[in-house]
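Fold and geometry: a report
Read off the chains here:
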Amino acid sequence: MIETEYAHRRIDLMSWTTYRDRLKDDPIIFLPAGALEQHGPHLPMGCDAILSAAMAARAAEALDGLQLPGLRYGYKSQSRSGGGQLFPGTTSLDGATLTAMLRDILRELARHGARRVVVVNGHVENQWFLTEGIDLALRDLARSQEEMRVVRCEYWNYTPQAVLESMFEGAFPGVDLEHAALLETSMMLALQPHLVDLDALPEDATGAFPGHDVYPQTGEGVPSSGVLAPARAASAEKGRTLIESTVAEMAAALRREFAI
Ligand SMILES: [Zn+2]
């Protein structure tokens, strides 16, 4: 199970004395951020939390870091990137709640002496609320002259372009429309095949949206399955390639960022 993957790096699975001793080496601390959100009839709703945790675990392993328990709820699903809030099960936070959670966690980490944090986001809609949580926490810390350096990343931005081109044969629909589609289905097949129901995979369809969002959300343009782009070409092999190449780029970028 993902819950105990790289367990030796999981802060929630270690004692406080072990954590205290590990902090002396100034490790990079990884915090995955996901959502509880519909991901079509074939994927579990914790998909974004599972994938961000998997990326964070592998990056922590590569950089000798530590991993926090992830944020398993996220900001409200948007029609053009997650199908919207109209699906049963999509259980979302107000932006202020998500912001406050991250702000609190970062302040607590600083209090323990942590100085380097990477927030690995797996849910498009979280981005600016995570940014706000980081900004407010750093403002708090500046008052007490505590230093912390925080990276926020969306893991998919590290996936090499050449890998995407090889999988989509030049027709990559973009990250927003890739909701529950080829990329996420492939990575889930590689990581947690028992949680993927290939018999429930819907016929290929693509969301069709205007250049704006409408509120209250109507669901217009969202395929009835909740899958926003074709997924039937997904495979575990593609998933393994995606995960390995993404983690390698992420680790390299973070090595440069933290000069390690
Ligand atoms: Zn997702």
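As shown above, the structure is provided for reference.
Each value, and the rule that gives it
- Residues numbered from 1 in each chain as written.
- Predicted model: local features only at pLDDT ≥ 70, side-chain atom pairs only at ≥ 80, totals over all residues.
- Heavy atoms only, no water.
- Core = buried A, V, L, I, M, F, W, Y, C linked by side-chain atoms within 4.5 Å.
- Buried < 20%, exposed > 50% of the residue type's maximum accessible area, 1.4 Å probe, protein only.
- Helix = DSSP H or I, 4+ residues; strand = E, 2+ residues; numbered from the N terminus.
- Contact = heavy atoms within 4.5 Å.
- Phe/Tyr/Trp six-rings, centres within 6.5 Å; stacked < 30°, edge-to-face > 60°.
- Lys NZ or Arg CZ within 6 Å of the ring centre and 35° of its normal.
- Donors = N, O, S within 2.8 Å, 3.2 Å for Na, K, Ca; no water.
- Tetrahedral: all angles 85-135°; square planar, octahedral: opposite > 155°, others 65-115°.
- Salt bridge = Lys/Arg side-chain N within 4 Å of Asp/Glu carboxyl O.
- Axes fitted to C-alpha atoms, helices over the stretch in contact; angles between N-to-C directions.
- Parallel < 35°, antiparallel > 145°, perpendicular 65-115°, else oblique.
- Left-handed = near helix turned anticlockwise from the far one by under 90°.
- Nonpolar A, V, L, I, M, F, W, Y, C, P; charged D, E, K, R; others polar.

**Re the nonpolar core**
If you look at the biggest cluster of nonpolar residues, it comprises 50 residues, and the most contacted ones within it are F30, V118, V120 and L254. Elements represented by at least two residues in this core include exactly α2 (47–62), β3 (116–121), β4 (149–154), α6 (161–168), α7 (182–191) and α8 (236–257). Here this core takes eight residues from α2, the largest share from any one element. Ignoring anything within four residues of it in the chain, the contact list for V118 reads I28, I29, F30, L31, V151, C153, L254 and F258.

**Side note on α7**
Of all ten residues in α7, nine are buried; the element is thus mostly enclosed. Taken together, the buried positions of α7 are L182, L183, E184, T185, S186, M187, M188, L189 and L191. Looking at the packing, one finds that the buried side of α7 touches α2, α6 and α8.

**Observations concerning the packing of aromatic side chains**
How two aromatic rings sit relative to each other is set out by the distance from centre to centre and by the angle between their planes. For the structure on display, the rule yields three aromatic pairs. Taking NZ or CZ as reference, R152 lies 5.4 Å from the ring centre of W128, over its face.

**Topic: the coordination of the zinc ion**
The protein atoms that coordinate the zinc ion are H39 (NE2), D48 (OD), E184 (OE) and E184 (OE), at distances of 1.8 to 2.7 Å. Every donor counted, the four donor atoms about the zinc ion form angles of 52 to 141° at the centre, which fits irregular coordination. Going along the chain, you hit the donors of the zinc ion in the pattern H-x8-D-x135-E. For the pair shown, H39 and D48 are each scored as buried.

**Some details on the pattern of salt bridges**
In the structure shown here, the tally under the stated rule is 16 salt bridges. Between E108 and R111 there is a salt bridge, and its shortest N-O distance comes to 2.8 Å. One end of the pair is E108 and the other is R111, both in helix α4 (residues 95–112) and three residues apart, which spans about a single turn. Judged by relative accessible area, E108 falls into the partly exposed class, the value being 36%.

**Looking at the packing of α2 against α8**
One way to put it is that α2 packs onto α8 with a least axis distance of 9 Å and a crossing angle of 50°. Looking at the two axes, α2 sits oblique to α8. Where α2 crosses over α8, the two elements pack in a sense that is right-handed. On α8, the residues that touch M55, R58, A59 and A62 of α2 are I243, T246, V247, M250, A251 and R255. Residue classes in the contact of α2 with α8 are distributed as seven nonpolar, one polar and two charged.

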